[in-house]
Amino acid sequence: MHTAYQFDKTDSRIVYVKAVDVANLPEEVQAGAAGQKQLYAVHDSAGEQLALVSDRRMAFVLARQHDYAPVPVH
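A brief structural summary. (Residues numbered from 1 in each chain as written. Predicted model: local features only at pLDDT ≥ 70, side-chain atom pairs only at ≥ 80, totals over all residues. Heavy atoms only, no water.)

## Structural notes on the overall build of the chain
We apply this condition: Numbered from the N terminus, helices here are DSSP runs of H or I no shorter than four residues, and strands are runs of E no shorter than two. A 1.4 Å probe rolled over the protein chains alone gives each residue an accessible area, and that area as a share of the maximum for its type sets the label: buried under 20%, exposed over 50%, partly exposed in between. Any two residues whose heavy atoms approach within 4.5 Å are treated as being in contact. Note that accessible areas follow from Shrake-Rupley with a 1.4 Å probe, and for residues the cover is restricted to the protein chains shown.
Along the chain, the regular secondary structure elements total two helices and four strands. Taken from N to C terminus, the helices and strands of the chain fall in the order β-α-β-β-α-β. Here the chain holds 74 residues, and 24% of them are scored as buried. For the chain, restricting intrachain contacts to residue pairs at least 6 apart in sequence, the fraction spanning at least 24 positions comes to 39%. Here the chain displays about 5,900 Å² of accessible surface, and carbon together with sulfur accounts for 51% of that area.

Here is the structure:
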């Protein structure tokens, strides 16, 4: 049986991983960055930040563990 299915475009499982300079973050986040110069942010398709981690690989692992498909942003 072939039935059309309407995918909800607002329920995207794609997230975006991008490098963020610690110097551009709020002071309280900078204080917790433990000397890192760069962190990695994970954002949903609407641009909302879901996570901020210290390692790029960890950002991708974290996204996949939560059933998201991570895409790098250059």
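## Observations regarding the packing of aromatic side chains
Note the following rule: Whether two aromatic rings pair depends on their centres lying within 6.5 Å, for rings of Phe, Tyr and Trp, where Trp uses its six-membered ring; planes under 30 degrees apart make the pair stacked, over 60 edge-to-face, and the rest tilted. Working rule: Lys NZ or Arg CZ, within 6 Å of ring centre, within 35 degrees of ring normal, means a charge sits over the ring.
Per the stated rule, a full pass over the model turns up zero aromatic pairs. Its end group placed over the ring of Y68, R13 keeps NZ or CZ at 4.0 Å from the ring centre.

## Looking at unusual backbone geometry
Leaving glycine out, the prevailing phi sign among residues is negative, and the prevailing peptide bond configuration is trans. The phi torsion at A34 lies on the positive side, around 50°, for a residue other than glycine. Secondary-structure assignment places A34 in the loop between helix 1 (27–31) and strand 2 (38–43). Even without glycine at this site, D67 takes up a positive phi of about 60°. Tracing the sequence through the fold places D67 in the loop between helix 2 (56–65) and strand 4 (69–72). On the accessibility criterion, D67 (60% relative accessible area) is exposed.

## Side note on the environment of R56
For R56, the position within the fold is in helix 2. In sequence terms R56 and L39 are 17 residues apart; their C-alpha atoms lie 7.8 Å from each other. Residues contacting R56, with those up to four places away along its chain left out, are Y40 and P72.

## Points about the sheet that holds strand 1 (residues 14–21)
The test is simple: Any two strands with at least two DSSP bridges between them are considered paired. Between N-to-C directions, angles cover 0 to 180 degrees, with each direction set by a line fitted to C-alpha atoms, over the stretch in contact for helices.
Spatially, four strands are ordered 3-2-1-4 in an open sheet, and the strand pairing comes out mixed. Looking at strand neighbours, the two that pair on one side only are strand 3 (49–53) and strand 4, the edges of this open sheet. If you compare each strand with its neighbour and ignore which way they point, the axes differ by 30° on average. Both strand 2 and strand 3 contribute to a ladder of four bridges, which runs antiparallel. The residue bridging Y40 from the neighbouring strand is V53, located in strand 3. Of the strands in this sheet, strand 1, strand 2, strand 3 and strand 4 are in contact with helix 2, which crosses strand 4 at around 150°.

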